[in-house]
Amino acid sequence: MTETDRLYDKNAYLTSCTAAVISIRRIEAPEGGAADSADKNGREATPALYEAVLDRTVFFPEAGGQSSDTGWICAIDRPDRKKELLAVTDVQIKDGVIRHILSCSADSGAPFRAGEPVSLQINWERRFGFMQNHTGEHILSGLMHRRLGFDNIGFHLSDNSVTLDVNGQLNDEEILVLEWEANEVIYRNLPVEVSYPTDEELEKISYRSKIEIEGQTRLVRIPDTDICACCAPHVSRTGEIGLIKIVKVLRYNGGMRLFIACGRRALALMQKRQRWIEEVSHLTNRSQDEIGDGVKHLLGEIGDLKQKNRDLEYEAAFLRLKTVPRDRENVFLFVGNMDPIVHRNLVNRMCEEHEGFCGAFAGSDEEGRYRYYIASRTKDSREVQKILTNKLGAKGGGKPEMIQGSVTGTQSAISAVLP
Ligand SMILES: [Zn+2]
């Protein structure tokens with residue numbers, strides 16, 4: 001099959017075109033795809049999927065880690081179909097032939113015939129966002145390559161995220177400098193130049209090449225910044241990117257993965273983050289510059305309160321222990337939900353004052369579950385574990401001096417089996 005004429009190669013700003021249908025065929029929805037989920041119960045009509053090959057296209061297919069364009073396609077010559085816009089949900093390329101996946105809401109046969117003229121339209125807002133983010137990625141990768149010798153070893157651009165992986169690491173300060181320099185490239189509003197050098201010319205040019213290239217090499221150059229072999233659509237001047245923001249950095253495969261956002265995507269993200277900052281500023285009653293201190297202060301207060309709470313729990317349990325006659329051998333207390341450290345300390349303290357089994361059950365009848373520590377300085381605590389396991393299915397264990405575990409049941413049910 002002859003290769004599809006890729007109009008986006010020469011003009012990334014072409015949003016629509018007409019084309020002739022080369023072939024069209026019905027295809028099955030991919031496993032677990034959206035089209036697969038409907039109609040098992042006849043509630044919703046399953047969209048019929050068709051694959052159309054055209055003589056030319058404005059749709060960029062999925063390639064080099066970038067999701068394909070989406071958009072619409074419709075017949076031109078048939079008045080009855082003129083207004084029927086079919087959604088293009090996916091676009092794939094193989095051996096230079098581009099296949100458009102069309103979703104038809106009702107299956108009334110193939111929407112087009114071979115040879116028929118159609119008109120195409122891409123989702124331009126989405127595509128322009130891809131162009132902003134993709135060109136922003138070139139700037140960051142190019143700067144890291146020129147200044148530090150890092151190579152881009154992975155790139156992903158979809159509706160939800162943009163990531164780029166490099167084989168070197170930067171510290172926090174260096175990330176800020178990189179981001180600053182990348183945005184300086186935007187302010188200079190440099191041209192993004194596309195060229196198709198011959199093999200001879202190519203030998204003399206030093207360029208980054210991130211993906212295997214089909215056919216002639218397409219070079220994308222941003223002066224003083226980057227030269228890279230790339231087949232995707234880019235903005236024509238760097239100023240159109242608007243803003244490059246590095247939003248997260250992970251150590252990855254010995255290098256790092258940068259999560260970035262450019263253009264409208266960056267602006268939307270910064271607006272969202274600004275709302276979070278305002279919210280935290282309001283909640284902590286601090287100025288926006290001081291929210292870090294505000295949160296640290298709150299965490300300190302929470303830590304102090306937790307310690308105070310532990311002290312009070314211990315004091316309350318100790319007061320109850322004092323009401324138990326000293327000559328009672330086995331002592332079991334039911335306490336509310338208790339900090340595990342306090343819980344354990346309490347049982348140790350009980351052992352100092354009573355000869356037999358000393359245990360504390362922390363929990364409530366509402367929850368229907370209690371955690372316990374049971375200890376003894378004269379007897380084998382595991383005997384009590386056996387009783388709880390056999391009669392109530394408790395789970396736990398330990399040494400003769402102390403066991404711990406949990407049991408399902410109410411206070412009265414547990415009390416009834418204890419020695
Ligand atoms: Zn590119």
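Everything numeric here is computed off the predicted structure, so don't read it as measured data.

Student: Residue-level account of the overall build of the chain, with values.
Tutor: From N to C terminus, the chain includes ten helices and 21 strands. Relative to its length of 419 residues, the chain is extended, with a C-alpha radius of gyration of 34 Å against a globular reference of 22 Å. For the chain, the spread of C-alpha atoms along the principal axes amounts to about 100 × 60 × 40 Å. Burial statistics for the chain: of 419 residues in total, 29% are counted as buried.

Student: Now, about the environment of A394: what can you tell me, with residues and values included?
Tutor: Summarising the element assignment, A394 is placed in the loop between helix 9 (382–392) and strand 20 (395–398). Along the sequence, A394 and R369 sit 25 residues apart, while their C-alpha atoms lie 9.9 Å from each other. Setting aside its immediate chain neighbours within four residues, A394 contacts L388, T389, G405, S406 and V407.

Student: I'd love a proper account of helix 9, names of residues and values included.
Tutor: Of all the positions in helix 9, only V384, Q385 and L388 are classed as buried. For helix 9, the arc enclosing every buried residue in end-on projection is 105°, short of the 170-degree limit, so these residues lie on one face. Away from its buried face, by an angle of more than 90 degrees, helix 9 presents the exposed residues K386 and N390. Positive phi shows up at G393, right after helix 9, with a value of about 70°.

Student: Describe in detail the packing of helix 3 (residues 124–148) against helix 4 (residues 172–187), supporting the description with residues and values.
Tutor: Between helix 3 and helix 4, the least distance of the axes is 10 Å, while the angle of their chain directions is 120°. Taken together, the axes of helix 3 and helix 4 are oblique relative to one another. The handedness of the crossing between helix 3 and helix 4 is right-handed. Where helix 3 abuts helix 4, its residues I139, L140, L143 and M144 lie against L178, E181, A182 and V185. Here the contact of helix 3 with helix 4 is built from residues that sort into seven nonpolar, no polar and one charged.

Student: Go over the nonpolar core with me, naming the residues and quoting the values.
Tutor: Considering soluble globular proteins, one finds that nonpolar side chains tend to be buried as a cluster. F59, V118, L140, I244 and I260 are the most contacted members of the largest nonpolar core, which totals 54 residues. Structurally, this core is a two-domain feature, drawing no fewer than three residues from each of domain 1 (5–122) and domain 2 (128–270). Ignoring anything within four residues of it in the chain, the contact list for I244 reads G136, I139, L140, E179, A182, N183, I186, I260, C262 and A266. Among the nonpolar cores identified, the runner-up in size contains 23 residues, and A317, V342, L346 and I403 belong to it.

Student: How would you summarise the sheet that holds strand 13 (residues 219–222) if you had to cite specific residues and measurements?
Tutor: Strand order in the open sheet made by the four strands is 11-13-14-12, with mixed pairing throughout. Of all strands in the sheet, those with a lone pairing partner are strand 11 (193–195) and strand 12 (208–209), marking the two edges. Contacts from helix 3 reach strand 12, strand 13 and strand 14 (226–229), with the element oriented near 110° to strand 14.

Calculation rules
- Counting from 1, residues in each chain are numbered in the order their sequence is written.
- Note on the predicted model: pLDDT of at least 70 is required for a residue's local features to be given, and 80 or more for side-chain atom pairs to be given and counted; whole-chain, interface and lining totals, by contrast, use all residues.
- The numbering of helices and of strands both runs from the N terminus, where a helix is a DSSP run of H or I of at least 4 residues and a strand a run of E of at least 2.
- All radius of gyration figures rest on C-alpha atoms, and the globule criterion is 2.2 Å times the number of residues raised to 0.38.
- Burial in this document is a count-based property: other C-beta atoms within 10 Å of a residue's C-beta are tallied, and the residue is buried at 20 or more, exposed at 12 or fewer, or partly exposed in between, with C-beta positions derived from the backbone.
- C-beta atoms are first placed from the backbone for all residues, and any pair lying within 7 Å is then listed as a contact.
- Working definition: the arc comes from the directions between the helix axis and the C-beta atoms, pointing outward to the latter.
- Orientation is described by lines fitted to C-alpha atoms, with helices fitted over the stretch in contact, and by angles between N-to-C directions that extend from 0 to 180 degrees.
- Roughly parallel means an angle under 35 degrees; roughly antiparallel, over 145; roughly perpendicular, 65 to 115; everything else is oblique.
- In this scheme the handedness of a crossing depends on how the near helix is turned from the far one: anticlockwise by less than a right angle means left-handed, clockwise means right-handed.
- Residues are grouped as follows: nonpolar covers Ala, Val, Leu, Ile, Met, Phe, Trp, Tyr, Cys and Pro; charged covers Asp, Glu, Lys and Arg; every other residue, Gly included, is treated as polar.
- A set of buried Ala, Val, Leu, Ile, Met, Phe, Trp, Tyr and Cys residues, joined to one another through C-beta atoms within 7 Å, is what we call a nonpolar core.
- Start and end points for every domain follow an automatic or database-based domain assignment.
- DSSP calls a pair of strands paired once it identifies at least 2 bridges connecting them.

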